[in-house]
2 protein chains.
Amino acid sequence: MDTKIPYKIYLAEDEIPTQWYNVRADMKNKPEPLLNPATGEPMKAEELEQIFCKELVKQEMDDDQRWYDIPEEILKFYKMYRPSPLVHATFLEEALGTPAHIYYKYEGNNTSGSHKLNSAIAQAYYAKEQGLKGVCTETGAGQWGTALSMACQYFGLDCQVYMVKCSYVQKPFRREVMRTYGAKVTPSPSMTTEVGRRILAEFPDTNGSLGCAISEAVEASRSQEGYRYELGSVLNQVLLHQTIIGLETQTACKKYGIKPDILIGCAGGGSNLGGFAAPFIGEMLRGEADYKVIAVEPASCPSLTRGKFAYDYCDTGKICPLAKMYTLGSQYIPSASHAGGLRYHGMTPVLSQLYHDGLFEARSVKQTDVFAAAVQFARVEGTLPAPESSHAIRVAIDEALKCKETGEEKTIIFNLTGNGYFDLYSYERFNTGNMSDYIPTDEELEKSFALLPEVK
Amino acid sequence: MDTKIPYKIYLAEDEIPTQWYNVRADMKNKPEPLLNPATGEPMKAEELEQIFCKELVKQEMDDDQRWYDIPEEILKFYKMYRPSPLVHATFLEEALGTPAHIYYKYEGNNTSGSHKLNSAIAQAYYAKEQGLKGVCTETGAGQWGTALSMACQYFGLDCQVYMVKCSYVQKPFRREVMRTYGAKVTPSPSMTTEVGRRILAEFPDTNGSLGCAISEAVEASRSQEGYRYELGSVLNQVLLHQTIIGLETQTACKKYGIKPDILIGCAGGGSNLGGFAAPFIGEMLRGEADYKVIAVEPASCPSLTRGKFAYDYCDTGKICPLAKMYTLGSQYIPSASHAGGLRYHGMTPVLSQLYHDGLFEARSVKQTDVFAAAVQFARVEGTLPAPESSHAIRVAIDEALKCKETGEEKTIIFNLTGNGYFDLYSYERFNTGNMSDYIPTDEELEKSFALLPEVK
């Protein structure tokens with residue numbers, strides 16, 4: 001055990017974990033299965049294989065195998081941008097005057113700008129292994145689309161991205177990164193799919209939505225020979241791949257004798273929190289340790305703190321399977337927010353079940369408070385954080401300030417999922433005092449809950 | 001000596017060099033002194049101290065002291081983003097099928113996006129030490145302004161940035177990063193200075209220029225009590241601070257037994273090449289080693305390959321001291337290019353003298369060839385490079401392909417100075433086939449040389 005902790009902990013390359021961890025293997029209460037929206041019956045592997053790659057379906061449905069060997073080719077790619085650093089935020093500690101020890105795992109040091117690449121490369125790999133020609137996906141803010149473009153370029157796969165039209169227009173830089181990596185980027189809704197044409201006929205001026213882009217990507221993948229659909233969050237397979245984050249964090253902690261008390265991650269669909277926290281929650285499930293794990297969500301889209309634990313559609317278009325999860329209702333339209341990556345009505349079934357079983361807590365925060373934390377963090381720690389990630393920063397600072405009051409020397413680790421280089425329009429809104437907050441009323445949510453599908 | 005070379009070499013924190021290297025101490029032919037433009041006499045320290053901080057003037061004029069201890073507070077800040085990785089570009093080697101070993105030192109992993117932070121934090125530190133209230137500077141593409149904003153925020157100094165108007169409009173993101181770090185950003189020319197008002201009266205529709213922004217920043221610094229001017233390139237002091245790049249590279253090479261044959265850097269004002277190559281050139285000057293060092297400049301602004309070695313103004317406005325350097329003439333207006341950081345008419349006097357004495361060679365490359373290399377690199381190595389840095393990539397690839405022909409296993413190291421996240425407009429021009437090349441004619445250059453000042 002090294003005793004002197006550097007500011008940035010970089011593990012050696014051969015310390016990168018070589019297996020992913022499947023938390024479902026340790027869960028007593030497994031997440032409920034996906035249901036076929038037409039029949040209400042659990043989705044069968046053969047059905048899912050029409051949408052996703054075969055091996056990914058296996059991972060999706062496997063509640064038992066605890067460890068998955070990471071294929072060599074994926075490990076080789078991981079070395080291009082991993083291990084990611086675990087940073088000891090001494091500058092922040094000093095600025096806050098807190099006795100708490102604050103660390104953050106930084107996943108933003110790659111061109112996709114976030115942790116999304118961890119699953120993108122895995123999904124592209126399995127598509128390649130299956131002999132596919134290409135994949136289709138959707139992207140909102142653009143990180144997932146960028147990550148999948150990079151991964152597909154690496155394996156020589158065609159990559160077709162349906163990008164929510166308003167993002168396509170407002171974030172031309174993200175679009176251009178994808179094109180630089182060889183992806184075809186189509187603003188959604190588009191005339192290239194039936195569902196797109198239908199929506200455009202009905203709403204010619206629509207700016208698009210993630211739900212619509214998902215529907216187009218799924219349709220596009222099914223109408224082309226040798227294509228499958230891939231998704232960057234919510235799914236079990238995604239959480240599995242993302243556990244590389246938490247496992248690396250554990251390895252670094254062990255190496256330097258860091259004993260975390262509090263683990264914090266932002267939560268949209270759940271991909272980063274699930275990947276970061278799952279290995280720690282696994283220890284809790286096995287009775288080996290106890291941590292305070294906190295999910296942080298936007299007050300404008302509070303699926304855990306104010307949602308219902310129920311079966312719901314994963315997409316607005318109601319063509320994807322139903323999942324049992326904390327949800328605001330698939331027809332709930334989150335207000336425009338500067339953390340596009342957290343604007344999802346539901347929460348991945350695994351985290352939903354764990355939350356239901358009391359394994360972690362959740363907090364919702366207002367975006368102006370989030371940006372105040374983001375700017376404070378940027379100024380003292382140097383790194384400009386993504387708005388999504390800054391939700392975790394907000395609560396990390398709040399917890400550190402509590403320690404200042406109580407004098408407790410708690411160790412806090414949060415996941416800094418991405419950088420904010422493409423979010424400067426949002427920073428401008430904040431810097432110029434033009435950012436507002438939105439919190440849905442109970443009536444609004446009740447209206448949305450009333451539209452939840454009836455199951456069984 | 002470690003024998004297994006990882007993909008990314010991260011030195012340990014305590015391996016970060018604690019001294020800067022002053023190459024002038026090893027030069028037999030020292031660079032010529034700066035001249036007072038009014039008198040034609042060498043600038044005196046007292047005169048320079050009206051413009052720059054005292055300690056920086058000492059560093060500027062000192063041709064003898066080989067090593068400078070890096071102050072503790074600067075070392076502390078360096079640990080926030082250094083050591084920067086030396087990456088073994090195995091993916092690129094594989095894609096090229098070359099027997100050459102290619103490495104790059106990556107300076108883009110910080111919020112300023114480039115190596116500029118290495119000198120910004122030093123300059124801010126000395127301003128703070130001198131008890132100043134703040135500093136003024138100019139910025140073109142924005143990296144230097146961002147770096148200085150970050151550094152001033154860290155030391156609690158006011159930071160006033162004059163940003164070339166066309167950049168201010170075209171690069172709102174860069175502007176916003178600076179504001180996030182607390183800087184005042186003014187589009188130049190502005191009504192806040194005499195020179196700005198004069199220029200606006202004469203050319204109301206001007207988009208500004210670096211020369212004009214420099215003049216405004218200098219005037220602003222001189223008209224405010226407790227302010228000085230700071231500059232991100234060309235000066236001896238900047239090269240001194242930037243040697244942290246080359247020294248870290250040497251440490252990494254030594255640790256892993258890497259013996260470079262070819263060292264490559266892009267060259268605008270010379271700050272990165274000077275910092276990266278100087279420690280290696282120092283070995284050559286002392287007769288300890290021999291390297292092939294290559295400066296790469298844009299064909300549109302070829303100061304080394306087609307310029308004159310003569311005294312010239314450092315700025316278009318002719319208010320700064322004269323420097324003996326390779327220059328295209330201070331009145332030469334480089335064509336609009338996508339590598340704004342290399343659009344400077346001259347070359348730092350130290351590199352100019354070393355080039356004149358045959359210590360390194362220079363090549364000029366066309367921007368479409370540069371972007372072809374940038375996209376190729378991004379796709380195989382993951383990192384999206386800045387257009388400036390991609391000049392070095394172009395020549396590194398060319399040299400590696402030569403090795404493929406000859407079968408030579410040369411070791412090539414280039415400096416990847418920054419990321420291209422804010423250059424996606426330029427990538428779009430390239431991706432859509434809308435990028436052109438410009439090479440000045442001999443007549444144009446002759447016209448510009450005719451305006452060089454007569455000295456002595």
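Residues numbered from 1 in each chain as written. Chains lettered and ligands numbered in written order. Predicted model: local features only at pLDDT ≥ 70, side-chain atom pairs only at ≥ 80, totals over all residues. Heavy atoms only, no water.

**Some thoughts on the side chain of A:Glu283**
All names here are of chain A. Put simply, the rule reads: A run of H or I in DSSP becomes a helix once it reaches four residues, and a run of E becomes a strand once it reaches two; helices and strands are each numbered from the N terminus. Accessibility here uses a 1.4 Å probe with only protein chains present; expressed as a share of the type maximum, an area under 20% marks a residue as buried, one over 50% as exposed, and anything in between as partly exposed. Positive charges are assigned to Lys and Arg, negative charges to Asp and Glu, while His and the chain termini are left out of the count. Here a salt bridge means any side-chain nitrogen of Lys or Arg lying within 4 Å of a carboxyl oxygen belonging to Asp or Glu. We define a polar contact as two N or O atoms separated by no more than 3.5 Å, with the added condition that, inside protein, one atom must be a possible hydrogen donor and the other a possible acceptor, whereas residues neighbouring each other in sequence contribute only through side-chain atom pairs. It only takes one pair of heavy atoms within 4.5 Å for two residues to be counted as in contact.
Structurally, the position occupied by glutamate 283 is in helix H12 (residues 271-285). One buried charge, glutamate 283, has no salt-bridge partner; the nearest side chain with opposite charge is arginine 286, at 5.8 Å. One polar contact links glutamate 283 to glutamine 250, side chain to side chain, over a distance of 2.5 Å. For glutamate 283, the residues in contact, after removing those within four places along its chain, are Gln250, Glu288, Ala289 and Tyr291.

**Brief notes about the sheet that holds strand S7 (residues 158-164) of chain A**
Residue and element names in this part refer to chain A. Using the following cut-off: Paired strands are those between which DSSP finds at least two bridges. Only C-alpha atoms enter the line fits that serve as axes; for helices the fit covers just the stretch in contact. Angles between N-to-C directions range over 0 to 180 degrees.
Strand order across the open sheet formed by 4 strands is S8-S7-S6-S9, with parallel pairing between neighbours. A strand with exactly one partner marks an edge of an open sheet, and here the two such strands are strand S8 (184-188) and strand S9 (227-229). Sheet twist, expressed as the average angle between the axes of neighbouring strands with direction ignored, equals 25°. In this structure, S7 lies alongside S8, joined through 5 bridges in parallel fashion. Bridge pairing in S8 places valine 164 opposite serine 188.

**Things to note about the environment of A:Asn36**
Residues and elements named next belong to chain A. Among the secondary structure elements, asparagine 36 is positioned in the loop between strand S2 (19-21) and helix H1 (45-48). The spatial distance from the C-alpha of asparagine 36 to the C-alpha of valine 365 is 34 Å, given a sequence separation of 329 residues. Excluding its chain neighbours within four sequence positions, the residues that come into contact with asparagine 36 are Glu41, Pro42, Met43 and Glu47.

**Observations concerning the sheet that holds strand S10 (residues 262-266) of chain B**
To summarise the sheet geometry, strands pair through backbone hydrogen bonds and adopt either a parallel or an antiparallel arrangement. All names here are of chain B. Strand order in the open sheet made by the 7 strands is S1-S4-S5-S15-S10-S11-S14, with mixed pairing throughout. Of all strands in the sheet, those with a lone pairing partner are strand S1 (8-9) and strand S14 (361-365), marking the two edges. Note that strand S5 (residues 101-106) and strand S15 (residues 411-416) share 6 bridges and pair parallel. Bridge pairing links lysine 105 to asparagine 415 in S15.

**Observations concerning unusual backbone geometry**
Note on backbone geometry: most residues besides glycine have negative phi, and most peptide bonds are trans. Put simply, A:Arg82 and A:Pro83 share a cis peptide bond, and its omega is -5°. Secondary-structure assignment places A:Pro83 in the loop between helix H3 (72-81) and strand S4 (86-88). With omega at 5°, the peptide bond leading from B:Ser188 into B:Pro189 counts as cis. You can see B:Pro189 is positioned in the loop between strand S8 (184-188) and helix H9 (194-202). Even without a glycine there, the phi angle at A:Val234 is positive, about 65°. Note that A:Val234 resides in the loop between S9 and helix H11 (236-256).

**Some words on the interface of chain B and chain A**
Put simply, the test is: Reported buried area values correspond to the accessible surface (1.4 Å probe) lost by two parts on association, with both partners' losses combined.
Chain B puts 44 residues into the contact, and the matching count from chain A is 44 residues. Interface of chain B and chain A: buried area, both sides summed, is about 3,900 Å²; carbon and sulfur atoms make up 57% of it. Of all residues in chain B, B:Met80, B:Arg379 and B:Tyr421 bury the most surface against chain A, accounting for 18% of the area lost on that side. Linking chain B with chain A are 6 salt bridges, by the criterion used here. Inspection of the chain B/chain A interface yields 22 residue pairs in polar contact (both at pLDDT 80 or more). Secondary-structure elements contributing two or more residues to the side of chain B that touches chain A are helix H3 (72-81), helix H4 (90-96), helix H6 (143-155), helix H8 (172-180), helix H15 (367-381) and helix H17 (424-431) of chain B.

**Side note on the relation of the copies chain B and chain A**
What connects the two chain copies is a rotation about an axis and a shift along it. Inclusion rule: Least squares is the method used to superpose the copies, on C-alpha atoms of residues holding a pLDDT of at least 70 in both.
For the pair chain B and chain A, the superposition axis carries a translation of 0.0 Å, the fit reaches an RMSD of 0.0 Å, and the rotation angle comes to 180°. In symmetry terms, the pair is related by a two-fold rotation axis. Comparing interface residues between copies, 98% of those in chain B also sit at the interface in chain A, which points to an isologous, same-surface contact.

**Observations concerning the pattern of salt bridges**
Within this structure, the stated rule accounts for 44 salt bridges over all chains. With its nearest N and O atoms 2.8 Å apart, the salt bridge here joins A:Arg82 to A:Glu107. With A:Arg82 in the loop between H3 and S4 and A:Glu107 in the loop between strand S5 (101-106) and helix H5 (117-129), this residue pair connects regions lying 25 residues apart in the sequence. By relative accessible area, A:Arg82 is classed as buried at 0%. With a relative accessible area of 2%, A:Glu107 lands in the buried category. In this structure, the salt-bridge partner of A:Arg175 is B:Glu428, at a minimum N-O distance of 3.0 Å. Separated into two different chains, A:Arg175 in helix H8 (residues 172-180) and B:Glu428 in helix H17 make up a pair that spans both. Residue A:Arg175 is classed as buried on the basis of its relative accessible area of 11%. A relative accessible area of 24% places B:Glu428 in the partly exposed class. Among the ionic contacts, a cluster of salt bridges with common partners joins A:Lys292, A:Glu361, A:Arg363, A:Glu399 and A:Lys402.

**Details of the packing of aromatic side chains**
Put simply, the rule is: Stacked, edge-to-face and tilted labels apply to pairs of Phe, Tyr and Trp rings (six-membered ring for Trp) whose centres lie within 6.5 Å, assigned for plane angles under 30 degrees, over 60, and everything in between, in that order. The rule is short: NZ of Lys or CZ of Arg within 6 Å of the ring centre and within 35 degrees of the ring normal puts a charge over the ring.
If you walk through the whole model with that rule in mind, you get 47 aromatic pairs over all chains. Aromatic side chains A:Phe52 and A:Tyr229 sit 6.0 Å apart centroid to centroid with 40° between the ring planes, which places their arrangement in the tilted category. Here the residue A:Phe52 occupies a position in the loop between H1 and helix H2 (54-61), and A:Tyr229 occupies one in strand S9, the gap between them amounting to 177 residues. The class for A:Tyr229 is buried, based on a relative accessible area of 2%. When the ring of B:Tyr125 is compared with that of B:Tyr126, the centres are 5.1 Å apart and the planes differ by 75°; the resulting orientation is edge-to-face. Like B:Tyr125, the residue B:Tyr126 is buried in the burial classification. Joined through ring pairs, the aromatic side chains of A:Tyr7, A:Phe91, B:Phe77, B:Tyr78, B:Tyr81, B:Tyr125, B:Tyr126, B:Tyr154 and B:Phe155 make up one cluster. One Lys or Arg, B:Arg175, reaches over the ring of B:Tyr168 and ends 4.9 Å from the middle of that ring. Just above the ring of B:Phe309 sits the side chain of B:Lys324; from NZ or CZ to the centre is 4.5 Å.

**Structural notes on the confidence of the model for chain A**
Note the following rule: Per residue, pLDDT measures the predictor's confidence, with a range of 0 to 100.
This prediction gives chain A a mean pLDDT of 95; 99% of its residues lie at or above 70. Prediction confidence for the complex, expressed as pTM and ipTM, is 0.96 and 0.95 respectively.

**As for the environment of B:Lys4**
Residue and element names in this part refer to chain B. Structurally, the position occupied by lysine 4 is in the segment before S1. We classify lysine 4 as exposed; its relative accessible area is 64%. Placed 241 residues apart in sequence, lysine 4 and isoleucine 245 show a C-alpha to C-alpha distance of 22 Å.

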